[in-house]
Amino acid sequence: MRLLPAIAASILVFASHAARAEIVVRVDKSAQRLSVSVDGVPSHTFVVSTGLAGGPPNGSYKPQRLERTWHSRLFNMAPMPYSIFFHGHYAIHGTNQIKRLGRRASKGCVRLHPKDAAVLFNLVKKHGMAKTRIIVEPSSRRVEPPAEKPAATAAVPGAAPKVE
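What comes next concerns the included structure. Since the structure is predicted, the reported quantities are computational estimates derived from the model, not experimental observations.

## Description of the packing of aromatic side chains
- Summed over the entire model, instances satisfying the criterion amount to 2 aromatic pairs.
- Seen from their ring centres, tyrosine 61 and phenylalanine 86 are 5.2 Å apart, and the 55° between their planes marks the pair as tilted. Remark: phenylalanine 86 occurs in strand E6 (residues 83–87) and tyrosine 61 occurs in strand E4 (residues 59–61); sequence separation between them is 25 residues.
- The buried category is assigned to tyrosine 61, whose relative accessible area is 12%.

Right under this line is the structure:
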C-alpha cells in the first residue's frame with residue numbers, strides 16, 4: 001500500500017521537472033543552422049535560411065507569441081506556418097521555399113523546413129515560451145582546432161591499404 005503513494009510522488013516530480021525544461025534555440029547565421037538544446041542537452045539541428053541583408057538582429061530573445069498558421073502582412077501574405085515571433089515582426093517559421101534552405105534568402109526571418117518548424121513549435125509550446133530562449137549569432141562560437149598536416153606516408157583516400 002505504501003508503494004502506490006511513492007510511485008505517484010515520483011511521477012509528479014518527474015512531470016514537474018519535464019515541464020520546467022529550458023529550451024535554448026541557437027541560430028548560427030554564418031552556418032545557416034539552428035540548434036536546439038533541452039536542459040543543456042542537444043536535441044535537434046536544422047538547416048535554415050536567414051535574411052539576405054543580415055537579419056534577424058543578433059541577440060538573445062524570448063518568444064513573444066506563437067502562431068500555428070500565419071501569413072505575412074508585410075510580404076504579400078507569404079505563408080509562415082509554425083511561427084515563433086521573437087523580436088517585433090521577426091520570427092522562426094516554416095517555408096515553402098525549401099530549395100533555398102542553407103543560404104541567406106529571407107527578408108529577415110529564420111526559415112525552416114515546415115516539418116522542422118512543427119517540431120520546434122511543438123517543443124516551445126509544450127515547455128512554454130517563458131522557458132525558451134532564442135539566441136541569434138553572427139557565426140558559430142565553436143572554434144575548431146587547426147587540422148594537422150597529414151604525414152608524408154599517409155594513405156591516399158580510395159587507395160588499397162598497404163599490407164606488410
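So much for the structure itself; the text now carries on.
## Quick word on the pattern of salt bridges
- Scanning the model with the defined rule gives 2 salt bridges in all.
- Notably, a salt bridge pairs arginine 26 with glutamate 137, separated by 2.7 Å at the nearest N-O pair. Taken together, the positions of arginine 26 in strand E1 (residues 23–28) and glutamate 137 in strand E9 (residues 132–137) put the pair 111 residues apart, joining distant regions of the chain.
- The residue glutamate 67 makes a salt bridge to arginine 65 at a minimum N-O spacing of 3.2 Å.
- Residue classification places arginine 65 among the partly exposed residues on the basis of a relative accessible area of 29%.

## Brief notes about the sheet that holds strand E5 (residues 65–67)
- The sheet built from 9 strands is open, its strands ordered E4-E9-E1-E2-E3-E8-E7-E6-E5 with mixed pairing. Each edge of the sheet is formed by a strand with only one pairing partner; in this case those strands are E4 and E5. Pairs of neighbouring strands in the sheet enclose a mean axial angle of 25°, with direction left out of account.

## Quick word on unusual backbone geometry
- In this model, glycine 55 is joined to proline 56 through a cis peptide bond whose omega is 0°.
- For proline 56, the position within the fold is in the loop between strand E3 (41–49) and E4.
- Even without glycine at this site, glutamine 32 takes up a positive phi of about 55°.
- The class for glutamine 32 is buried, based on a relative accessible area of 3%.
- The phi angle at aspartate 39 is positive, at roughly 50°, despite the residue not being glycine.
- With respect to the helices and strands, the residue aspartate 39 is situated in the loop between strand E2 (33–38) and E3.

## Concerning the side chain of serine 106
- Within the element layout of this structure, serine 106 appears in the loop between strand E7 (90–94) and strand E8 (110–112).
- For serine 106, a relative accessible area of 2% puts it in the buried group.
- Only 2.7 Å separates the side chain of serine 106 from the backbone oxygen of cysteine 109, close enough to count as a polar contact.
- Those residues in contact with serine 106, other than ones at most four positions away along the chain, are Ser49, Thr50, Gly51, Leu52 and Arg111.

## A word on the nonpolar core
- Among the nonpolar cores identified, the biggest contains 23 residues, and Leu34, Ile92, Leu112, Leu120 and Ile134 are the most heavily contacted of them.
- Residue assignment for this core shows that the elements contributing at least two residues are E1, E2, E3, E6, E7, E8, helix H2 (114–127) and E9.
- The greatest single-element share of this core, amounting to 6 residues, is contributed by H2.
- Ranked by size, the runner-up nonpolar core spans 5 residues in total, among them Trp70, Met80, Phe85 and Cys109.

Cut-offs applied
Residues numbered from 1 in each chain as written. Predicted model: local features only at pLDDT ≥ 70, side-chain atom pairs only at ≥ 80, totals over all residues. Heavy atoms only, no water. Phe/Tyr/Trp six-rings, centres within 6.5 Å; stacked < 30°, edge-to-face > 60°. Helix = DSSP H or I, 4+ residues; strand = E, 2+ residues; numbered from the N terminus. Buried < 20%, exposed > 50% of the residue type's maximum accessible area, 1.4 Å probe, protein only. Salt bridge = Lys/Arg side-chain N within 4 Å of Asp/Glu carboxyl O. Pairing = 2+ DSSP bridges. Axes fitted to C-alpha atoms, helices over the stretch in contact; angles between N-to-C directions. Polar contact = N/O pair within 3.5 Å; in protein donor to acceptor, adjacent residues only side chain to side chain. Contact = heavy atoms within 4.5 Å. Core = buried A, V, L, I, M, F, W, Y, C linked by side-chain atoms within 4.5 Å.

Any functional reading would require information that these geometric values do not contain.
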